[in-house]
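Fold and geometry: a report
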Amino acid sequence: MKLRQFGFIAALLFAASISASGPVPPGNIAVPEPVATVAVVDRDGLTDVEFGDTESELTRRGILRTDVDACGPTLAGHALISPIFIDDRLVLLWADDPVRTPEGIAAGTPLAEVKASYPSVSQLRAPQGTHRFDGLLARDGDRAYLFLHDGHTVRKVIAGYADWAHRLFVEGHGPC
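Residues numbered from 1 in each chain as written. Predicted model: local features only at pLDDT ≥ 70, side-chain atom pairs only at ≥ 80, totals over all residues. Heavy atoms only, no water.

1. A few points about the confidence of the model for the chain
The criterion, for reference: The predictor attaches a confidence to each residue, called pLDDT, with possible values from 0 through 100. Note on contacts: a residue pair is in contact if any heavy atoms of the two residues lie within 4.5 Å.
Looking at the chain as a whole, the pLDDT averages 81, with 74% of positions reaching at least 70. Every residue in residues 11-17 scores below 50 in pLDDT, and together they form zero contacts with partners more than four places removed in sequence or on other chains. Within the model, the stretch residues 24-35 combines pLDDT values under 50 with one contact to residues more than four positions away or in other chains.

2. A closer look at the pattern of salt bridges
Rules: Put simply, a salt bridge is a Lys or Arg side-chain nitrogen that is within 4 Å of an Asp or Glu carboxyl oxygen. Exposure categories follow from relative accessible area, calculated using a 1.4 Å probe and restricted to protein chains: below 20% of the type maximum is buried, above 50% is exposed, and the middle band is partly exposed. Only DSSP runs of H or I covering at least 4 residues are called helices, and only runs of E covering at least 2 are called strands; the numbering of each starts at the N terminus.
Under the criterion given, the structure shown has eleven salt bridges. In this structure, Arg61 and Glu57 form a salt bridge, with 3.8 Å as the shortest nitrogen-oxygen distance. Exposure remark for Arg61: the relative accessible area of 35% places this residue in the partly exposed category. Judged by relative accessible area, which is 26%, Glu57 ranks as partly exposed. For Arg167, the salt bridge is made with Glu171, and the minimal N-O distance between the two is 2.9 Å. Linking Arg167 with Glu171, this pair stays in helix H4 (residues 162-171), spanning four residues, or about one helical turn. On the basis of relative accessibility, which here comes to 41%, the residue Arg167 falls in the partly exposed class. The class of Glu171 is partly exposed, set by a relative accessible area of 40%. Where salt bridges share partners, they join Asp53, Glu57, Arg60 and Arg61 into one cluster.

3. Considerations on the sheet that holds strand S7 (residues 143-149)
Strands pair in a sheet through their backbones, by hydrogen bonds, and they do so in one of two ways: parallel or antiparallel. Heads up, the condition is: Think of it this way: DSSP has to see at least two bridges between two strands before they count as a pair. To get an axis, fit a line to the C-alpha atoms, keeping to the stretch in contact for a helix; angles then go from 0 to 180 degrees between the N-to-C directions.
Ordered by their spatial adjacency, six strands build an open sheet running S3-S4-S8-S7-S6-S5, and the pairing between neighbours is antiparallel. Two strands in the sheet have a free side with no partner beyond their single neighbour: strand S3 (81-86) and strand S5 (122-124). Recorded for the sheet is a direction-independent mean angle of 20° between the axes of neighbouring strands. With six bridges connecting them, S3 and strand S4 (residues 89-95) associate as antiparallel partners.

4. Description of the environment of Leu111
Note on placement: Leu111 falls in helix H3 (residues 111-117). On the basis of relative accessibility, which here comes to 9%, the residue Leu111 falls in the buried class. Spatially, the C-alpha atoms of Leu111 and His152 are 5.8 Å apart, while their sequence positions differ by 41 residues.

5. Things to note about the pairing of S4
Burial within S4 is extensive, with six of its seven residues counted as buried. Taken together, S3 and the strand that follows it, S4, pair antiparallel across an intervening segment of two residues, in which Asp87 is found at a positive phi of about 50°. Bridge analysis of S4 against strand S8 (residues 154-161) gives four bridges, and the strand direction is antiparallel. Paired with Ala95 across the two strands is Val157, which belongs to S8.

6. Points about the pairing of S8
With six of eight residues buried, S8 lies mostly within the body of the structure. Inspection of the sheet shows S7 paired to S8 by seven bridges, in the antiparallel sense. Bridge assignment links Tyr145 to a residue of S8, and that residue is Ala159.

7. Observations concerning the nonpolar core
For the record, the criterion: Only buried residues count toward a nonpolar core, which is a set of Ala, Val, Leu, Ile, Met, Phe, Trp, Tyr and Cys residues joined through side-chain atoms within 4.5 Å.
Core analysis: the biggest nonpolar cluster contains 27 residues, and Leu75, Ile81, Leu93, Tyr118 and Phe147 have the highest contact counts within it. Only S3, S4, H3, strand S6 (134-140), S7 and S8 provide two or more residues apiece to this core. Filtering out sequence-adjacent residues up to four positions away, Ile81 remains in contact with Ala39, Leu46, Leu75, Leu93, Trp94, Ala95 and Val99. With 15 residues, the next largest nonpolar core counts Ala126, Leu137, Leu148 and Phe169 among its residues.

Rendered as structure tokens:
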């Protein structure tokens, strides 16, 4: 290839790249999709799972999975949430970050935000000599949120029946 041919091809490529550049028309701008939808756990449960549901009902609906390698049954579509059953009834949901309450409280939330969102929250102290977190219990009737914390931020969110949340805290059990 001669130098003149090379120069001609380079000029054509340069002209083509300039003509293709410029602003993108507004209708052609890609809007990014959210990477993952953040689950919200409220005092009734989740969108498709309610406290008081039976294990057999959730299994029949295809929501409860026992075929995965975990410390207990899991919820289809909710990998970050562990269900706690007592006498075949769902009583608590143990949630990992980024699962949030409707008020936006999740693992990592400062305690000041928890106290502002739930002004009547009760302080629970872990027994001395244990390696357990202290808790804040935000009770509303027979339902509650239990926020386990390190003194500064929320480390774990647990939602469900208030008596079972309090009992879980006192007895110190986790989902496994």
